[in-house]
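For reference, the chains in residue letters:
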Amino acid sequence: MNTSHPLQQLAQNLLGKAIHELEPEESHVLEQIRQRRPISRDVADASDEQSSFGERLSDKVAAVGGSWTFIICFSLTMLGWMLLNTDVLSHFGMAFDPYPYIFLNLMLSTVAAIQAPIIMMSQNRQATKDRLAARLDFEVNLRAELEIMRLHEKIDQRIQQRLDQILERLPERPPQA
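This is a predicted model, so every value here is computed, not measured.

Looking at this model, I keep getting lost on a nonpolar patch on the surface. Mind explaining?
A grouping of L84, V88, F92, M94, F96, F103, L106 and M107 is seen on the molecular surface, where their side chains present a nonpolar patch of about 800 Å² in accessible area. Counting residues per element, the ones that place at least two in the nonpolar patch are α5 (68–91) and α6 (102–169). Tracing the backbone shows F96 in the loop between α5 and α6.

I tried to follow α5 on my own but got confused; where do I start?
Structurally, the α-helix is built with 3.6 residues per turn, so residues lying three or four positions apart point the same way. Spanning 24 residues, α5 covers 34 Å between terminal C-alpha atoms, matching the ideal 34 Å at 1.5 Å per step. Along α5, the sharpest change in direction is near 40 degrees and occurs at L84. Listed in full, the buried residues belonging to α5 are W81, N85 and L89. If you follow the buried residues of α5, they end up packed against α6.

Got a minute to help me understand the environment of L14 in this structure?
Within the secondary structure layout, L14 lies in helix α1 (residues 6–15). L14 sits 122 residues away from L136 along the chain, and the two C-alpha atoms are 19 Å apart. With residues near it in sequence (within four places) discarded, L14 still touches L30, I33, L146, M149 and R150.

Sorry, what's going on with the packing of aromatic side chains here?
Two descriptors summarise a pair of aromatic rings, namely the distance from one centre to the other and the angle between the planes of the rings. In the structure shown here, the tally under the stated rule is 4 aromatic pairs. Ring centres 5.3 Å apart and planes at 20 degrees place the aromatic pair F70 and F74 in the stacked group. With F70 and F74 both in helix α5, this residue pair falls 4 residues apart, about one helical turn. According to the relative accessible area criterion, F70 is partly exposed, its value standing at 25%. Judged by centre distance (5.2 Å) and plane angle (80 degrees), the rings of W81 and F96 are edge-to-face. Of the two residues, W81 is situated in helix α5 and F96 in the loop between α5 and α6; the sequence distance between them amounts to 15 residues. Connected via pairs of aromatic rings, a cluster forms that spans W81, F96 and F103.

Before we go on, may I ask you to explain the UniProt feature "transmembrane region" (unreviewed entry) in the protein chain in this structure?
UniProt's entry tags residues 61–81 and 101–121 with the feature "transmembrane region" (unreviewed entry), counted in the numbering of this structure. Taken as a whole, residues 61–81 contains 90% helix and 0% strand, while its terminal C-alpha atoms sit 23 Å from one another. In the segment residues 101–121, helix accounts for 95% and strand for 0%; the C-alpha atoms at its two ends are 31 Å apart.

Would you take a moment to explain the packing of helix α3 (residues 43–50) against α6 for this structure?
The description of two helices packed together rests on the angle between their axes and the distance between the axes. In contact at an axis separation of 10 Å, α3 and α6 are set at 125 degrees when each is read in the N-to-C sense. One element, α3, and the other, α6, form an angle in the oblique class. The handedness of the crossing between α3 and α6 comes out as right-handed. Where α3 approaches α6, its residues V43, A46, S47, D48 and Q50 are matched on the opposing element by R125, K129, L132, A133 and L136. Residue composition of the contact of α3 with α6, grouped by class: 5 nonpolar, 2 polar and 3 charged.

What is the right way to read the domain arrangement of the protein chain from this model?
Size of an interface, as often reported, equals the accessible area lost when the parts are brought together. In terms of domain boundaries, the protein chain breaks down into domain 1 (1–37) and domain 2 (38–44 + 53–166). Its C-alpha centre places domain 1 at a distance of 36 Å from the equivalent point of domain 2. Each partner contributes to the roughly 1,100 Å² buried at the junction of domain 1 and domain 2, and carbon and sulfur atoms together form 71% of this total. When the buried area of domain 1 at its contact with domain 2 is split by residue, L14, E25 and V29 rank highest and sum to 43% of it.

Thresholds applied
- Sequence order as written defines the numbering, with residues in each chain counted from 1.
- A pLDDT threshold of at least 70 governs which residues receive local features in this predicted model, and a stricter bar of 80 or more applies before side-chain atom pairs are shown or counted, although totals over entire chains, interfaces and linings include all residues.
- The side-chain figures draw on all heavy atoms in the structure; neither hydrogens nor water molecules are used.
- Patches here: salt-bridge-free residues with over 30% relative accessible area, like charges joined within 9 Å, nonpolar side chains (Val, Leu, Ile, Met, Phe, Trp, Tyr) joined within 5 Å.
- Only the protein chains shown count as cover for residues, and all accessible areas are computed by the Shrake-Rupley method using a 1.4 Å probe.
- Take a side-chain nitrogen of Lys or Arg and a carboxyl oxygen of Asp or Glu: if they are within 4 Å of each other, that pair is a salt bridge.
- Helix and strand definitions here come from DSSP, where helices need a minimum of 4 consecutive H or I residues and strands a minimum of 2 consecutive E residues; each element is numbered from the N-terminal end.
- For a helix, the expected span equals 1.5 Å multiplied by the residue count minus one.
- One axis fitted to the seven residues ending at a residue, another fitted to the seven starting there: the angle between these axes is the bend at that residue.
- Only protein chains enter the accessibility calculation, which uses a 1.4 Å probe. A residue is then buried if its area is under 20% of the maximum for its type, exposed if over 50%, and partly exposed in between.
- By definition, residues are in contact when any of their heavy atoms lie within 4.5 Å.
- Only the six-membered ring of Trp is used, alongside the rings of Phe and Tyr, when aromatic pairs are assigned; centres must lie within 6.5 Å, and planes under 30 degrees apart are stacked while those over 60 apart are edge-to-face, with the rest tilted.
- UniProt positions are given in the numbering used here, feature names are shortened, and annotations may be inferred rather than shown by experiment.
- As a rule, the C-alpha atoms of each element are fitted with a line to give its axis, helices using only the stretch in contact, and angles between N-to-C directions run from 0 to 180 degrees.
- Angle categories: roughly parallel below 35 degrees, roughly antiparallel above 145, roughly perpendicular from 65 to 115, and oblique for all the rest.
- For any helix crossing, the convention is left-handed if the near helix is rotated counterclockwise from the far helix by under a right angle, and right-handed if that rotation is clockwise.
- In this count, Pro and Cys sit with the nonpolar residues alongside Ala, Val, Leu, Ile, Met, Phe, Trp and Tyr, while Asp, Glu, Lys and Arg are called charged and the others, Gly among them, polar.
- As annotated, the domain borders come from an automatic or database domain assignment.
- Accessible area, probed at 1.4 Å, shrinks when two parts are joined; the buried area is that loss added up over both.

Structural data, given as structure tokens:
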């Protein structure tokens, strides 16, 4: 086994594994340790880097469609549609969608048919974002754990060196009989 590679040494010392046995997250953490770089990243930024225009658009549509503003505006629009076609335009014989509002029902069905898959896309993206958050949390936790192990090792070495120095200065006592 070639332990001259810095990552191999870190992998063996900290995780007790060969470099080819490491999970991608473990390799990433060890590389960041080797480079002395921080590992934590914002999940939203990391997710946005990986998302397509369509995915971001579905998030925005789901955010609007799942808001009170949308519900209130949509309810007012339907009420206005019904009033316009029942009371206002019917007096002049110009109602384009009289009761039972068949065209309004068609529009509502169309909105529901389009909005449901978009919301599902957004939910799938949120699940992907949650998995990414879990992976990033794992990396940060692993990094913290490995750094703590490295600090313990350094402290133990310092204590051992100090004890060795103290023992060297103690005079040798002959065994007591």
